[in-house]
Amino acid sequence: MRNIKSVSGSLLTKNTLNNVKKSAPDTLMFVFRMVLLISIGFVIIYPLIYMIVTSLVSRNGFFNSTRVWIPEAISPMFNYKTAWELMDYGNSVWATVKYELVSALIEVCACAVTAYGFARFNFKCKGLLVGVLFLTILVPDMMVLIPRMANYSNMDILGIFGLVNKLTGIDLRPNLLGTAAAFYLPSLFSMGLRSGIMIFIYIQFFSSFPKELEEAAWIDGAGPIKTFLRIAIPSSGVVITTVLVFSLIWHWNDNLLCSMYLNAEYPLAMQLDLLPTTLTTMGYYLNPETPETLAFQMAGCVLFVTPMLIIYMILQRKFIESIDRVGITG
Amino acid sequence: MKNRKRTRGIEQIKSRYGWIFISTWLIGVVLFFAIPVIQSIIYSFSQMTITEDGVNTVWIGLKNYKYIIGEHTDYLNWLSRSITNFVYSLPIIVLLSMVLALLLNQNFRGRLFFRALYFMPVIIATGVVIDLISGMAGSDMTSSSVNESVSGGMFSVQDIIAVLDLPAEIAEFVQKIISDIFDLIWNSGIQTVLFLAGLQSIPSTLYEASKVEGATKWEEFWFITFPMLSNVTLLVIIYTMVELFVSNSNVVVDHVYSLMRAAIYDETSAMMWFYFLSIGVVMGIIVGAYKKFLQNRWS
């Protein structure tokens, strides 16, 4: 009896009569949703507007502290030019691309291979290795950074080069600190910046492939490697976009790894971090705490964020779509 | 009989390919994870000096740990502050991002605009910029504008709390959340994305079936959405924990960084390991409780 009632109820939803009845809570829901969305949106937008406005204020504009949103005096050209020069913008963007973004691309590829192995094959000790994978996610980079740095200064693979050194006196151990290899190597072995999480996202996606797909390829004579390259990769554009966006953003923002590995040729994130110090050493201000330095810092922030925003604008539709579609197969 | 032998052969070949696929990762784990972790543990028990051909370590036992726990004036204080912050931020961030994802997943006008807007923190949140603007705009904002905008300038949050006559602990808690709302929202960007992806992967047939059965919205959420999200929720919890663990706004982490830049490695390693162990216990309890009480209900 109850079933019949509910079925007839669901049929009724198509009626206009029912819609009228529903509209009151619907409007309430709409208002509630909008209020929530807009107020949280305000929290997100606020610092961005603050950042942009402050980046325009000139030195004299800071004297009147009651004017925050519409500054008295502005000098956008001067602020941005100074920030640009102090951060050595062109060179540091190049350094970011060279050290960070390339290693992001390597990481995205390497993690896909590893995740495919975990998701599609059964082998001994798989449970244990998945546990290790979780451990690599849980133990933050910070914990292993110091030894990694010490190892990089004379890179050795399982003590082989060291042994050669002891026996023959020829030192084959290269110093990787300050070179791009310090960034590329971990990425290549899928142990780069937050690789664990990327592998995990990939695994979730790959394990949703139907098993028949692989078996069909197997019967048609394609080996697993061919199946991976020809079938798995082309049909996982969505998850690759997601991981790529994450990886690019994390690498662009990273200033821990480069502050440890590099001595010169700093990427942009580090230059921004160092901006107050640079301001004082260049003799702009004696005290980096004065409010005027804020304008330069905020101008630096805008310059720092812009390239990522442009990339995001380009990838945005695909990214949002990809989030919509990662699910369809799952 | 023959057949079984053959399938086993295929399984064997397949398992070999599995090893091939993860081989690079295995090397990476040994080179860039296992060895450094062991080294780092050794460092924490030693006195380190840096020489030209690498580092020199002298084993001194528990001295570093004794120093940071017994003699260091601030370390335990930092530690308890970090852990409190950790325990209270985690559920708020997870809930907040889940609510945001649920909101953004609905069909309404301007959905794409809000999605694009809400992903802004994803771009900016993990880095230097967030420290700068949360330090400046954030403090500025939470102290005055939020209070004013929330209450329309008529009365402050404190007044509302006073009127409601809440117990002191809860009142304090509410105030803390309001003053931290900036950080919390800005830290839940990626979690929202993960939840959204999870929501999209729930087959719509389930909802249709439940509608036919006459389920209310709440029942739909509690019996379909929430259980189907349980894996994503676990991922989000783990991600948030790691993120909170290393975030720069954390007192311990902040001091560890400054010590690292000053090239004091032995004491730093001890500090980090003790911090990691104590947070690890908390993490284990949270994940265990989640698995036991929520995830197992449906599996």
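Sequence order as written defines residue numbering, which begins from 1 separately in each chain. The order in which chains are written sets their letters, starting at A; the order in which ligands are written sets their numbers, starting at 1. Since the coordinates come from a predicted model, pLDDT governs what is reported: local features require at least 70, and pairs of side-chain atoms require 80 or more to be given and counted, while whole-chain, interface and lining totals use all residues. Water and hydrogen atoms play no part in the side-chain values, which are based on all heavy atoms of the structure.

Quick word on the nonpolar core
Then, in step 1: Formed by 171 residues in total, the largest nonpolar core has its most connected members in Tyr202(A), Phe206(A), Phe246(A), Tyr261(A) and Tyr118(B).
Then, in step 2: No other element matches helix α3 (residues 75-105) of chain B, which puts 15 residues into this core.
Then, in step 3: Any pair of residues with heavy atoms lying within 4.5 Å of one another is described as a contacting pair. Discounting residues that sit within four places of it in the chain, Tyr118(B) has contacts with Leu36(A), Leu37(A), Ile38(A), Ile40(A), Gly41(A), Ile44(A), Leu100(B) and Leu104(B). As used in this record, nonpolar core signifies buried Ala, Val, Leu, Ile, Met, Phe, Trp, Tyr and Cys residues forming a set joined through side-chain atoms within 4.5 Å. Type-normalised accessible area, obtained with a 1.4 Å probe on protein chains alone, sets the label of each residue: buried when under 20%, exposed when over 50%, and partly exposed for intermediate values. The way it works is that DSSP assigns letters per residue, a run of H or I at least four long becomes a helix, a run of E at least two long becomes a strand, and they are numbered from the N terminus.

Comments concerning the interface of chain A and chain B
Then, in step 1: If you look at the interface, chain A gives 99 residues, while chain B gives 92 residues.
Then, in step 2: Two parts placed together each lose some accessible area under a 1.4 Å probe, and the buried area is that loss summed for both. Overall, the association of chain A and chain B removes approximately 8,900 Å² of surface from exposure, summing both partners, and the carbon and sulfur fraction of that is 79%.
Then, in step 3: What makes a salt bridge here is a side-chain nitrogen of Lys or Arg within 4 Å of a carboxyl oxygen of Asp or Glu, nothing more. Counting across the chain A and chain B interface gives one salt bridge.
Then, in step 4: Where Arg194(A) meets Glu243(B), a salt bridge forms, and the shortest distance between an N and an O atom there is 2.9 Å.
Then, in step 5: N or O atoms closer than or at 3.5 Å make up a polar contact, with two conditions inside protein: a donor-capable atom paired with an acceptor-capable one, and, for residues adjacent in sequence, both atoms drawn from side chains. Joining chain A to chain B, the criterion identifies eight residue pairs in polar contact (both at pLDDT 80 or more).
Then, in step 6: At 17 residues, helix α2 (residues 16-56) of chain A tops the list of elements feeding residues into the side of chain A that touches chain B.

A look at unusual backbone geometry
Residues and elements named next belong to chain A.
Then, in step 1: Even without glycine at this site, Ser190 takes up a positive phi of about 40°.
Then, in step 2: Mapping Ser190 onto the fold places it in the loop between α8 (181-188) and α9 (195-206).
Then, in step 3: Notably, Arg194 is not glycine yet its phi reads approximately 50°, a positive angle.
Then, in step 4: With respect to the helices, strands and loops of the structure, Arg194 is situated in the loop between α8 and α9.
Then, in step 5: Under the relative-accessibility criterion, Arg194 is labelled partly exposed at 26%.

A word on the packing of aromatic side chains
Then, in step 1: Only centres within 6.5 Å qualify two rings of Phe, Tyr or Trp (six-membered ring in Trp) as a pair; their planes then separate them into stacked at under 30 degrees, edge-to-face at over 60, and tilted for everything else. Per the counting criterion, the structure on display carries 34 aromatic pairs over all chains.
Then, in step 2: Relative to Phe276(B), the ring of Phe245(B) has its centre 5.6 Å away and its plane inclined at 85°; by these criteria the two rings are edge-to-face. Placement of the pair is Phe245(B) in helix α12 (residues 230-246) and Phe276(B) in helix α14 (residues 265-294), with a sequence separation of 31 residues. Both residues of the pair, Phe245(B) and Phe276(B), count as buried.
Then, in step 3: Members of the aromatic cluster, joined through ring pairs, are Tyr116(A), Phe121(A), Tyr202(A), Phe205(A), Phe206(A), Phe228(A) and Phe21(B).

Things to note about the domain arrangement of chain A
A common way to express how large an interface is: the accessible area buried when the components associate.
Residues and elements named next belong to chain A.
Then, in step 1: Domain segmentation is taken from an automatic or database assignment of domains. Domain boundaries in chain A define domain 1 (1-56) and domain 2 (77-326).
Then, in step 2: Between domain 1 and domain 2, the contact holds six residues from the first and nine residues from the second.
Then, in step 3: Ranking the residues of domain 1 by area buried against domain 2 places Met51, Thr54 and Ser55 at the top, with a combined share of 77%.
Then, in step 4: Across the domain 1-domain 2 interface, the total number found is zero salt bridges.
Then, in step 5: Inspection of the region where domain 1 meets domain 2 yields two residue pairs in polar contact (both at pLDDT 80 or more).

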